[in-house]
Amino acid sequence: MPEGPVPRLQDTLFFAHEVHYFFREAAPKGVTDDRSGAGVFELLYVFENYALDPGRRELRCGEAAVAMEPQAFDLLVYLIRHREHVVSRDEMIEQVWGGRIVSESALSTRINAVRSAIGDSGTEQRLIKTLPRKGVRFVGDVREGLEPSDVPAASPSQSGSFEIIDTHEANGRLPAPQAPGTETINGHAQALPSVVPAPVEQRRFPVRRQLAAAIAAISLLCFAVLTWSYFARSVQSQRTRANVETAAKLDHISGQINMTSREDYEAVRALEQWAVNLDHNNATALAHLTFAIVTGVLNHWSSDVAGDLHAADLAQQEAVRIAPESKIVRGAQCHVLRAMRQYEAAIRVCSEAAVSFPEYPFLHKEIGYNRLMLGQFDKALAEFLQADRIEPDSRLRWSWDQGIGLIYLMQGQDQKAIDQLSRAMLEAPNAGHAAAYLAAAYALVGREQEARDALDHYLKLWPNTALNNFGPMIGNAAFNNKMGRVLEGLRLAGLPQ
């Protein structure tokens, strides 16, 4: 097994081009590449292990052709040719679609198709980077070169590499035959010293020996390149398998962490991003990355909500492309929709998934929170209780216990709210919101010291929180109306304005 860096496809191609150019220039004048004597070449764009040939409309990864839709291929060519600047949405539509009306979803689909073809993803954006509200840009390292076209090889007589004189055809224009060893001077034959004529092959074909040497050298080079490529592919294959195995291990490790604190969230997100970078086709890692990002947004741990929601959406779209019927992937879809406040769409997607996966409590928990935001309290409570029946020992139990406790608090069932929220706080002491709701419930029943203790615990996690951070909330009018009672409890517990 060779040591050192793995040779890249572009290095091999350009080395071969340079050798081809050297031998063409080194050959005697008249030895050319095609019938015109000039040579025909086409521009080739090489990046990572890919070679893009616009003339043949081919994208190759190594030796394999990559299938692409025509518009996706045109879009890739345009982005690479204009990689020195950010290509806006309007520019893409004008140059690739000819100015026709194109929806945002259709444009996103084509960009994702291009990313998929070149082994990139919306999450990693290694080659094609999205700049919010500006456009996209090809940021990969591209090298341009020339590749011989498919012009048929010229015949020897056309190529001008040598000339063959047929003595039978030339007799009409040659001097009359004379005796060997004589020369005519002033009309008289003169004897000349005996001369051994040069071999016919040496006289008529002066470039054959050089051509043979060039062909032998090129053959040796091709053999070396093929051998080098074989070992390179072998090393690359081993690295790919190692990356896939490592990504699976990282995903497994992150799966053991319960995201009930900012530190847990940051650890899980970093591990899942690492796993996705190692294995772009790991749908489970992509879905878990989506869960982590959305959990950060919903728990106010995100410092860039818009950017994180965009990243989460791209990750779940890629996961759906790879494994559309996966339970984890369907759950990630639900999670993203709730974070984007598309509650009705989230309920529809989650309900359809729950039919296929009736033993997956996460789906019922998500439906419960979406119905809660819509003010459908009884239906939300039913979904939370269903999640608890499916898996009462789930490590996510604190999340639906918190939802149940909040509903009881809104409805004035304060003791039930205290029971549920106390359990949620014990199961996830660093999650935060359960402690705040528990402080409100204690205050509303007059248990002032317990209310202050719960609020102190919450403020240690969220030291800059004030009463106006809780309202208006992100639900509809019915939800916000019921939240008025919660806000009153927080005010009584001592939360500042």
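Residues numbered from 1 in each chain as written. Predicted model: local features only at pLDDT ≥ 70, side-chain atom pairs only at ≥ 80, totals over all residues. Heavy atoms only, no water.

### A closer look at the overall build of the chain
For step 1, the next point in the chain: If you tally the helices and strands in the chain, you get 20 helices and 9 strands.
For step 2, the next point in the chain: A buried classification covers 41% of the 497 residues belonging to the chain.
For step 3, the next point in the chain: Contacts spanning at least 24 positions in sequence make up 61% of the contacts within the chain whose residues lie at least 6 apart.
For step 4, the next point in the chain: Only carbon and sulfur atoms are counted for the fraction: they give 54% of the accessible area of the chain, which is about 26700 Å². (Helix = DSSP H or I, 4+ residues; strand = E, 2+ residues; numbered from the N terminus. Buried < 20%, exposed > 50% of the residue type's maximum accessible area, 1.4 Å probe, protein only. Contact = heavy atoms within 4.5 Å. Areas by Shrake-Rupley, 256 points an atom, 1.4 Å probe, with all protein chains shown as cover.)

### With respect to the pattern of salt bridges
For step 1, the next point in the chain: Taken as a whole and assessed by the stated rule, the structure comprises 19 salt bridges.
For step 2, the next point in the chain: The salt bridge partner of E58 is R60, with a shortest N-O separation of 2.9 Å.
For step 3, the next point in the chain: Look at E58 and you get partly exposed, because its relative accessible area is 30%.
For step 4, the next point in the chain: Under the relative-accessibility criterion, R60 is labelled buried at 18%.
For step 5, the next point in the chain: A salt bridge links E318 to R321; the nearest nitrogen and oxygen atoms lie 2.8 Å apart. Remark: R321 and E318 occur in helix α11 (residues 305-322); sequence separation between them is 3 residues, near one turn of the helix. (Salt bridge = Lys/Arg side-chain N within 4 Å of Asp/Glu carboxyl O.)

### Description of the packing of aromatic side chains
For step 1, the next point in the chain: A full pass over the atoms with the stated rule returns 6 aromatic pairs.
For step 2, the next point in the chain: When the centroid spacing of 4.9 Å and the interplanar angle of 70 degrees are considered together, the rings of Y369 and F384 count as edge-to-face. In this pair, Y369 sits in helix α14 (residues 361-373) while F384 sits in helix α15 (residues 377-390), placing the two residues 15 residues apart along the sequence.
For step 3, the next point in the chain: Among the aromatic residues, those joined into a ring-pair cluster are F47, Y50 and F138.
For step 4, the next point in the chain: Lying over the aromatic face of Y360, K327 brings its terminal NZ or CZ to 4.9 Å of the ring centre. (Phe/Tyr/Trp six-rings, centres within 6.5 Å; stacked < 30°, edge-to-face > 60°. Lys NZ or Arg CZ within 6 Å of the ring centre and 35° of its normal.)

### Examining the packing of α15 against helix α16 (residues 397-410)
For step 1, the next point in the chain: Their axes nearest at 10 Å, the elements α15 and α16 cross at an angle of 150 degrees. Taken together, α15 and α16 sit at an angle that is classed as roughly antiparallel. When the axes of α15 and α16 are compared, the crossing they make is left-handed. When α15 is examined against α16, the residues F377, A380, L381, F384, L385, A387 and D388 are found in contact with a partner set consisting of R397, W400, G403, I404, I407, Y408 and M410.
For step 2, the next point in the chain: Considering only residue class, the contact of α15 with α16 consists of 11 nonpolar, 1 polar and 2 charged. (Axes fitted to C-alpha atoms, helices over the stretch in contact; angles between N-to-C directions. Parallel < 35°, antiparallel > 145°, perpendicular 65-115°, else oblique. Left-handed = near helix turned anticlockwise from the far one by under 90°. Nonpolar A, V, L, I, M, F, W, Y, C, P; charged D, E, K, R; others polar.)

### Side note on the nonpolar core
For step 1, the next point in the chain: The biggest cluster of nonpolar side chains holds 49 residues, and the ones touching the most others in it are L372, M410, V486 and L490.
For step 2, the next point in the chain: A per-element tally of this core places helix α18 (residues 433-444) first, with 9 residues.
For step 3, the next point in the chain: Discounting residues that sit within four places of it in the chain, V486 has contacts with L406, L409, M410, Y437 and A440.
For step 4, the next point in the chain: Ranked by size, the runner-up nonpolar core spans 35 residues in total, among them L286, V349, A354 and F357. (Core = buried A, V, L, I, M, F, W, Y, C linked by side-chain atoms within 4.5 Å.)

### Focus on the state of the cysteines
Throughout this description, disulfide means a covalent bond between two cysteine sulfur atoms.
For step 1, the next point in the chain: Scanning the entire structure with this criterion turns up 1 disulfide.
For step 2, the next point in the chain: The disulfide partner of C334 is C350, and the S-S distance across this bridge is 2.4 Å. Here the residue C334 occupies a position in helix α12 (residues 327-339), and C350 occupies one in helix α13 (residues 343-356), the gap between them amounting to 16 residues. A single burial state applies to C334 and to C350, both of which are buried. (Disulfide = S-S within 2.5 Å.)

### Remarks on the packing of helix α10 (residues 283-298) against α11
For step 1, the next point in the chain: In contact at an axis separation of 8 Å, α10 and α11 are set at 155 degrees when each is read in the N-to-C sense. Here α11 runs roughly antiparallel to α10, going by the angle between their axes. As for the relative orientation of α10 and α11, their crossing is left-handed in sense. Between α10, through A283, L286, A287, L289, T290, I293, V294 and V297, and α11, the contact on the second element is made entirely by V305, D308, L309, A311, A312, A315, Q316, E318, A319 and I322.

### What to know about the pairing of strand β6 (residues 135-138)
For step 1, the next point in the chain: Where strand β5 (residues 128-131) meets β6, 4 bridges bridge the pair, whose relative direction is antiparallel. Following the sheet pairing, I128 is matched in β6 by F138.
For step 2, the next point in the chain: Between β5 and the antiparallel strand that follows it, β6, lie 3 residues; R133 among them carries a positive phi value of about 65 degrees. (Pairing = 2+ DSSP bridges.)

### Quick look at the environment of F479
For step 1, the next point in the chain: Mapped onto the secondary structure, F479 falls in helix α20 (residues 477-493).
For step 2, the next point in the chain: According to the relative accessible area criterion, F479 is buried, its value standing at 2%.
For step 3, the next point in the chain: Sequence spacing of F479 and F377 is 102 residues, and the spatial spacing of their C-alpha atoms is 8.6 Å.

### A short note on the confidence of the model for the chain
For step 1, the next point in the chain: For the chain, the mean per-residue pLDDT works out to 79, and 75% of the residues sit at or above 70.
For step 2, the next point in the chain: The weakest mean pLDDT in the chain belongs to helix α6 (residues 167-170) at 37; the strongest belongs to α15 at 96.
For step 3, the next point in the chain: Segment residues 150-206: pLDDT under 50, and 42 contacts once partners within four positions in sequence are set aside and those in other chains are kept. (pLDDT = per-residue confidence, 0-100.)

### What about α11?
For step 1, the next point in the chain: Counted at 1.5 Å a residue, the expected span for α11 with its 18 residues is 26 Å, and the 26 Å between its end C-alpha atoms agrees.
For step 2, the next point in the chain: Buried within α11 we find D308, L309, A312, D313, L314, A315, Q316, E318 and A319.
For step 3, the next point in the chain: Where α11 is buried, its residues touch α4 (104-117), α9 (262-278), α10 and α12. (Expected span 1.5 Å × (residues − 1).)

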